[in-house]
Amino acid sequence: MAETSPHQPYPEKLNVPIPYALGQSKLPAYVHKPIDLFYRFIPKELFADIAEHTNEYAFKERPQEFDQNQREWIDVTAADIGGYIGALLLIGVQPGSRDLAYYWHQKENYPHWPVA
């Protein structure tokens, strides 16, 4: 896969092998884990870029003086962005539509989701 830095454009075409027609994969064995396949399409470096631009936007758009109802901005990290995207993916694959608070509650008779 092409390497990118935070200030280079992402490649227009990813070098992703196409599986054989009979269901046998040309992918090496280490790529068969779902997270490895995910990173072939969404590189880890992208999370750092998103975090950097989110923090820049917050610095420009949020007032520097805070009132008592507004919390102070804490810079987000690439790990924060990865966790957020992971939570969105987890919620997105669940059947049915639920209020987002459902995934953060910690009641005994309900499932406990990793995002909680």
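Residues numbered from 1 in each chain as written. Predicted model: local features only at pLDDT ≥ 70, side-chain atom pairs only at ≥ 80, totals over all residues. Heavy atoms only, no water.

- Per an unreviewed UniProt entry, the chain goes by the name PiggyBac transposable element-derived protein domain-containing protein and belongs to Endocarpon pusillum.

## Structural notes on helix 2 (residues 44–61)
Reasoning step 1: For helix 2, built from 18 residues, the straight-helix expectation of 26 Å at 1.5 Å per residue is met to within 8% by its first-to-last C-alpha distance of 26 Å.
Reasoning step 2: All of the buried residues along helix 2 are Phe-47, Asp-49, Ala-51, Asn-55 and Ala-58.
Reasoning step 3: The inward-facing, buried residues of helix 2 contact helix 1 (34–41) and helix 3 (78–92). (Helix = DSSP H or I, 4+ residues; strand = E, 2+ residues; numbered from the N terminus. Expected span 1.5 Å × (residues − 1). Buried < 20%, exposed > 50% of the residue type's maximum accessible area, 1.4 Å probe, protein only. Contact = heavy atoms within 4.5 Å.)

## A word on helix 3
Reasoning step 1: Taking 1.5 Å per residue, 15 residues should reach 21 Å; helix 3 reaches 21 Å between its end C-alpha atoms and fits that length.
Reasoning step 2: Burial in helix 3 covers these residues: Ile-81, Ala-87 and Ile-91. When helix 3 is viewed along its axis, its buried side chains cluster within an angular range of 125 degrees and face the same direction.
Reasoning step 3: Of the surrounding secondary structure, the elements contacted by the buried residues of helix 3 are helix 2. (Arc of directions from axis to C-beta.)

## Focus: the packing of aromatic side chains
Reasoning step 1: On inspection of all chains with the given rule, the structure shows two aromatic pairs.
Reasoning step 2: Seen in terms of ring centroids, Tyr-39 and Phe-47 are 6.4 Å apart; in terms of plane orientation they differ by 70 degrees. Their pairing is edge-to-face.
Reasoning step 3: The class for Tyr-39 is partly exposed, based on a relative accessible area of 23%.
Reasoning step 4: For Phe-47, a relative accessible area of 7% gives the class buried.
Reasoning step 5: What links up through ring pairs into an aromatic cluster is the set Phe-38, Tyr-39 and Phe-47.
Reasoning step 6: A cation over an aromatic ring shows up here: Lys-44 above the ring of Tyr-39, its NZ or CZ 4.8 Å from the ring centre. (Phe/Tyr/Trp six-rings, centres within 6.5 Å; stacked < 30°, edge-to-face > 60°. Lys NZ or Arg CZ within 6 Å of the ring centre and 35° of its normal.)

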